[in-house]
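Commentary on secondary and tertiary structure
Take a look at the letters that make up each chain.
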Amino acid sequence: MSTPKEKPLYISIKTDLPYAYSAGRPLSKFLVALRDEAKILASRCNNCSYVLVPPRTFCNQCHKPTPDVIEVGPGGTLETFSVINFPFIDPFTGLERPVPYGYGIVKLDGCSNFLPHFLDINDHRKLEIGQRVEATFEPTEKRTAAMTDIKYFRVLI
Ligand SMILES: [Zn+2]
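Here's what I pulled together on the structure shown here. (Residues numbered from 1 in each chain as written. Predicted model: local features only at pLDDT ≥ 70, side-chain atom pairs only at ≥ 80, totals over all residues.)

1. Points about the sheet that holds strand S1 (residues 40–44)
As a reminder, the rule being used: Between any two strands, pairing holds if DSSP finds at least two bridges. In this text, helices come from DSSP runs of H or I with a minimum length of four residues, and strands from runs of E with a minimum of two, each type numbered from the N-terminal end.
The strand order across the open sheet built from 3 strands is S2-S1-S3, with neighbouring strands paired in antiparallel fashion. The open sheet has two free edges, formed respectively by strand S2 (51–52) and strand S3 (68–72), since each of these has just one partner strand. Relative to S2, S1 is paired through 2 bridges, and the arrangement is antiparallel. Bridging across to S2, Arg 44 finds its partner in Val 51.

2. Brief notes about the sheet that holds strand S5 (residues 101–108)
For the record, the criterion: Helix axes use the C-alpha atoms of the stretch in contact, all axes being lines fitted to C-alpha atoms, and the angles between their N-to-C directions lie in the range 0 to 180 degrees.
On the basis of which strands lie adjacent, the closed barrel formed by 5 strands has the order S4-S5-S6-S8-S7 and mixed pairing. Sheet twist, expressed as the mean angle between neighbouring strand axes with direction ignored, is 50°.

3. What about helix H1 (residues 24–37)?
Worth spelling out the cut-off: What a helix is expected to span follows from its residue count: subtract one and scale by 1.5 Å. Remark: C-beta atoms are placed from the backbone, and a residue is labelled buried if 20 or more other C-beta atoms sit within 10 Å of its own, exposed if 12 or fewer do, or partly exposed between those counts. This arc is taken over the directions from the axis of the helix to the C-beta atoms. A pair of residues counts as a contact when their C-beta atoms, built from backbone coordinates, are separated by no more than 7 Å.
Taking 1.5 Å per residue as the helical rise, H1 with its 14 residues ought to reach 20 Å, and the 19 Å between its terminal C-alpha atoms agrees with that figure. Taken together, the buried positions of H1 are Pro 26, Phe 30 and Leu 34. Along the axis of H1, the buried residues cluster in a sector spanning 75°; they form a single face. Those residues of H1 that are exposed and aimed more than 90 degrees away from the buried face are Gly 24, Arg 25 and Asp 36. In the core, the buried residues of H1 are packed alongside S1, S3 and strand S8 (150–155). Within two residues after H1, Ala 38 carries a phi angle of roughly 50°, on the positive side.

Here it is as structure tokens:
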């Protein structure tokens, strides 16, 4: 085993980078609908009929403007999922997230793309790809116009 000839170089940096960005018109509509109406909105392309959630200004398939916003879900199909058993600090809350919990990729009814989100799992052995799920919203007083206004997707058995 050799000893390094030079001490490793370290660069000390202390950063404080608070930031905010504009959600834009389509995403703002989406977030306000989550908060105020417990509805999930998507954009629909008039050219190719692709439906995107959250809504976008332009279709990501044919690049045409997507002025139409429609309601989708709250039901959907579980396309894939993971069951997380390793505790960590949840960046949404700053608190340790209780384990196990599920994270899934959901294809909402009426949508062409997928929405990743938390799953409600009382018994993770019941989760299956292709299973029907439904969005469960936070109570009105706890909603903040954020993606976490959807508390989780619960499995419909
Ligand atoms: Zn399109």
